[in-house]
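Residue-level listing of the chains:
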Amino acid sequence: MALPQKVRLVEMSPRDGLQNEPGPVIATDIKTGLIDRLAGCGLTHIESASFVSPKWVPQMGDAAEVMAGIQRKPGVCYSALTPNLKGFENALAAGVNEVAVFAAASESFSQKNINCSIADSLERFVPVIEQARANGMPVRGYVSTVLGCPYEGDIAPEQVAEVARDLYQMGCHEISLGDTIGVGTPLKAKRMIDAVARHVPVEHLAAHFHDTYGQALANLYAVLEQGVAVIDASVAGLGGCPYAKGASGNVATEDVLYLLQGLGIETGVDLDKLVATGNWICGQLNRHNGSKVGQALGGKGKQQGETA
Ligand SMILES: CC(C)(COP(=O)([O-])OP(=O)([O-])OC[C@H]1O[C@@H](n2cnc3c(N)ncnc32)[C@H](O)[C@@H]1OP(=O)([O-])[O-])[C@@H](O)C(=O)NCCC(=O)NCCSC(=O)C[C@@](C)(O)CC(=O)[O-]
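Note that the structure is predicted; figures quoted are calculated from it, not measured.

> Looking at this structure, how should I read the overall build of the protein chain?
When helices and strands are counted, the protein chain shows 13 helices and eight strands. Taking 308 residues into account, the globule formula puts the C-alpha radius of gyration at 19 Å, and the protein chain, at 18 Å, falls close to it. Taken along its principal axes, the extent of the C-alpha atoms in the protein chain is 50 × 40 × 35 Å. By element, 50% of the accessible surface of the protein chain is carried by carbon and sulfur atoms, the whole surface being about 12400 Å². Separation between the mean location of the 24 positive side-chain charges and that of the 32 negative ones in the protein chain comes to 3 Å.

> Just checking my understanding: could you explain unusual backbone geometry for this structure?
Leave glycine aside and you will find that most residues have negative phi; peptide bonds, for their part, are mostly trans. Positive phi, normally seen in glycine, also occurs at asparagine 115, with a value near 65 degrees. In this structure, alanine 236 is a non-glycine residue whose phi angle is positive, near 60 degrees. Its place among the elements puts alanine 236 in the loop between strand S8 (230-233) and helix H10 (253-262).

> Would you mind going over the environment of tyrosine 151 with me for this structure?
With respect to the element layout, tyrosine 151 can be found in the loop between strand S5 (139-144) and helix H7 (157-170). For the pair tyrosine 151 and tyrosine 243, spaced 92 residues apart in the sequence, the C-alpha separation amounts to 9.0 Å.

> For this particular structure, what's the right way to read the packing of helix H6 (residues 118-134) against H7?
When two helices pack together, their arrangement is given by the angle between the helix axes and the distance between those axes. Here H6 crosses H7 at 25 degrees, and the two axes come no closer than 10 Å. With respect to each other, H6 and H7 are oriented roughly parallel. Taken as a pair, H6 and H7 cross one another with a handedness that is right-handed. Taking contact as the criterion, the partners of Ile118, Leu122, Phe125, Val126, Ile129 and Arg133 in H6 are, on H7, Val163, Asp166, Leu167 and Met170. When its residues are assigned to classes, the contact of H6 with H7 shows eight nonpolar, no polar and two charged.

> Is there a simple way to explain the nonpolar core in this structure?
Within soluble globular proteins, side chains that are nonpolar generally end up buried alongside one another. Ranked by size, the top nonpolar core spans 103 residues in total, and within it Val143, Leu167 and Leu177 carry the most contacts. Of the residues forming this core, the biggest block, seven residues, is contributed by helix H11 (residues 271-285).

> Could you clarify how one ought to interpret the site of the ligand in this entry?
Residues in close proximity to the ligand total 26 residues, the closest being Lys55, Asn84, Asn113, Asn115 and Thr180. Between the ligand and asparagine 115 there is a distance of 2.8 Å, counted from an oxygen atom to a side-chain nitrogen or oxygen. Within the complex, 74% of the 1100 Å² of free accessible area of the ligand lies under protein. With respect to the detected pockets, the ligand is housed in the largest pocket. At the level of secondary structure, the elements contributing two or more residues to the shell around the ligand comprise helix H1 (13-17), helix H4 (85-94), helix H5 (107-114) and S5. Across the shell around the ligand, the residue classes tally to 10 nonpolar, 11 polar and five charged.

> It is not clear to me how the UniProt feature "domain: Pyruvate carboxyltransferase" (unreviewed entry) in the protein chain should be interpreted in this structure. Could you clarify?
The residues that UniProt annotates with the feature "domain: Pyruvate carboxyltransferase" (unreviewed entry) are residues 7-275. Counted over residues 7-275, helix gives 41% and strand 16%. Its end C-alpha atoms are 19 Å apart.

> Can you help me understand the packing of H7 against helix H8 (residues 186-197) in this one?
One way to put it is that H7 packs onto H8 with a least axis distance of 8 Å and a crossing angle of 40 degrees. As far as their axial angle goes, H8 and H7 are oblique. Crossing handedness for the pair H7 and H8: right-handed. Packed against H7, whose contacting residues are Pro157, Glu158, Val160, Ala161 and Ala164, the element H8 presents Arg191, Met192, Ala195 and Val196 at the interface. When its residues are assigned to classes, the contact of H7 with H8 shows seven nonpolar, no polar and two charged.

> Honestly, the pattern of salt bridges in this entry has me stumped. Any pointers?
If the charged atoms of two oppositely charged side chains come close together, the side chains can form a pair. Scanning the entire structure with this criterion turns up 10 salt bridges. When the shortest N-O distance is used, the salt bridge between glutamate 47 and arginine 15 registers 2.6 Å. Residue glutamate 47 is found in strand S2 (residues 45-50), and its partner arginine 15 is found in helix H1; the two are separated by 32 residues along the sequence. Of the two residues, glutamate 47 and arginine 15, neither departs from the other in class, the shared state being buried.

Analysis parameters
- Residues numbered from 1 in each chain as written.
- Predicted model: local features only at pLDDT ≥ 70, side-chain atom pairs only at ≥ 80, totals over all residues.
- Heavy atoms only, no water.
- Helix = DSSP H or I, 4+ residues; strand = E, 2+ residues; numbered from the N terminus.
- Rg over C-alpha atoms; globule rule 2.2 N^0.38 Å.
- Areas by Shrake-Rupley, 256 points an atom, 1.4 Å probe, with all protein chains shown as cover.
- Lys, Arg positive; Asp, Glu negative; His and termini not counted.
- Charge placed at Lys NZ, Arg CZ, Asp CG, Glu CD.
- Axes fitted to C-alpha atoms, helices over the stretch in contact; angles between N-to-C directions.
- Parallel < 35°, antiparallel > 145°, perpendicular 65-115°, else oblique.
- Left-handed = near helix turned anticlockwise from the far one by under 90°.
- Contact = heavy atoms within 4.5 Å.
- Nonpolar A, V, L, I, M, F, W, Y, C, P; charged D, E, K, R; others polar.
- Core = buried A, V, L, I, M, F, W, Y, C linked by side-chain atoms within 4.5 Å.
- Buried < 20%, exposed > 50% of the residue type's maximum accessible area, 1.4 Å probe, protein only.
- Near = heavy atom within 4 Å.
- Polar contact = N/O pair within 3.5 Å; in protein donor to acceptor, adjacent residues only side chain to side chain.
- 1 Å grid on protein atoms, 1.4 Å probe; cavity = no way out; pocket = protein on both sides within 12 Å on 5 of 7 lines; lining within 4 Å.
- Sits in = over half its atoms within 2 Å of the grid points.
- UniProt positions renumbered as here; feature names shortened; annotations may be inferred.
- Salt bridge = Lys/Arg side-chain N within 4 Å of Asp/Glu carboxyl O.

What follows is the structure, given as structure tokens:
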């Protein structure tokens, strides 16, 4: 299949990127500053918060304040995770544009992450999706551990396909396939997409790859060839996974954008501004910039970051 001409980047850094950040809870104005800068880069879909239990994920405890503090840019979708009805109600009140439910392809990961089985999680999502529909809000569905689980090891592509199919049939408009611990390689990624695409049209799939083993760009190239045209990424490669020691963040948005530009694929995102934003947030968090492109273009980006 020919490569897509356009790719939609879904920015993960305010949620997946920050949810596991060690140390004290990050100030709300840093989170809103990040989101506003990302919107200024031309990103049209920003996962901005997570309406989960603050006991489970303290970094996301100010989700409502974050949503209230951002300067909404027309045309940008500000989305949030909602694991249950309580999360949905809070997200609705906070004015998010899209909610996301999240399941796993591995039973053990499901238990550790959301404290229930895969089947129970799907049942829990039914009223969330119903309420979202009643309020005209789109729902995204995640499947985690699609290329490997920290507890169960390899995950069969058919197992991923079943959960993806269920979420799609329940009404999720897009299924984001998460290599949560970044263990995948291109052949595995292709086999997984082949299996899922038998149940969910490829135009409704997104790739959500972490970069722990440095394979994320190769995996993305492989699935682009299969027609996947929505990519989740996190500026400066922010993120990690609390259940997988050493797991790194999402693939860096700057690195994905550089790859896509080299392939002549349109995204509408400005690389210089993105690099500046990556440098800015790393400075705020006193953190290493996990983007190779961010490092390579760092000086240039930094200068522009002051105005980004
Ligand atoms: C799902 C639960 C809530 C179950 O947690 P639980 O303890 O089984 O649920 P519960 O219903 O017994 O509630 C426990 C307490 O949490 C409260 N609570 C309950 N729900 C909410 C809510 N929505 N918002 C705020 N508070 C909530 C509830 O009110 C109660 O408060 P208490 O009575 O003890 O004071 C919990 O396990 C949880 O919040 N998990 C979230 C974990 C998480 O966010 N993980 C990271 C995101 S997933 C991910 O990273 C993968 C992904 C998407 O990025 C893709 C990839 O990389 O592969």
